[in-house]
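One letter stands for each residue in the lines below.
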Amino acid sequence: MSVKITFLPDEIEIQAEPGESILEVAQKAGVFIPTGCLMGSCHACEVELDDGTCICSCITAVPYGKSELSVKIDLDLTW
């Protein structure tokens, strides 16, 4: 079952499969998330999920058991 991901603030929607990384889904949708190490250590790719949890998008997968997920992207221009 796919999950509808909405990237905020631009409200870009895409269907994703559970297990895909949030970063991969963003790239497919044409949404820019800055990256650094791609291992979750540098936090350059940190985003906020709809429940307020901040995660590193490079190492966090689209969850199983959800039909929708919102991802808020606040660009840190120092990256």
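In what follows, the accompanying structure is described.

Cut-off values and rules
Residues numbered from 1 in each chain as written. Predicted model: local features only at pLDDT ≥ 70, side-chain atom pairs only at ≥ 80, totals over all residues. Heavy atoms only, no water. Pairing = 2+ DSSP bridges. Helix = DSSP H or I, 4+ residues; strand = E, 2+ residues; numbered from the N terminus. Axes fitted to C-alpha atoms, helices over the stretch in contact; angles between N-to-C directions. Polar contact = N/O pair within 3.5 Å; in protein donor to acceptor, adjacent residues only side chain to side chain. Contact = heavy atoms within 4.5 Å. Salt bridge = Lys/Arg side-chain N within 4 Å of Asp/Glu carboxyl O.

As for the sheet that holds strand β4 (residues 54-56)
- Strand order across the open sheet formed by five strands is β2-β1-β5-β3-β4, with mixed pairing between neighbours. This sheet does not close on itself; its edge strands, each paired only once, are β2 (12-16) and β4. Taken over all neighbouring pairs, the strand axes of this sheet differ in orientation by 35° on average, direction set aside.
- Bridge analysis of strand β3 (residues 46-49) against β4 gives three bridges, and the strand direction is antiparallel. In the sheet register, V47 faces β4, and the bridge partner there is I55.

A closer look at the side chain of E20
- The topology assignment puts E20 in the loop between β2 and α1 (22-29).
- Within the local environment of E20, its side chain forms a polar contact with the backbone nitrogen of E17, the two atoms lying 2.6 Å apart.
- Side chain to side chain, E20 and K28 meet in a polar contact 2.3 Å long.
- Excluding residues within four positions of it along the chain, E20 makes contact with V25, K28, T60, A61 and V62.

Digging into the pattern of salt bridges
- Enumeration according to the criterion identifies five salt bridges in this entry.
- K4 is the partner of E13 in a salt bridge, and the nearest nitrogen-oxygen pair spans 3.8 Å.
- Put simply, K72 and D74 hold a salt bridge, and the shortest N to O gap is 4.0 Å.
- Taken together, the shared-partner salt bridges in this structure form one network comprising K4, E13 and E68.

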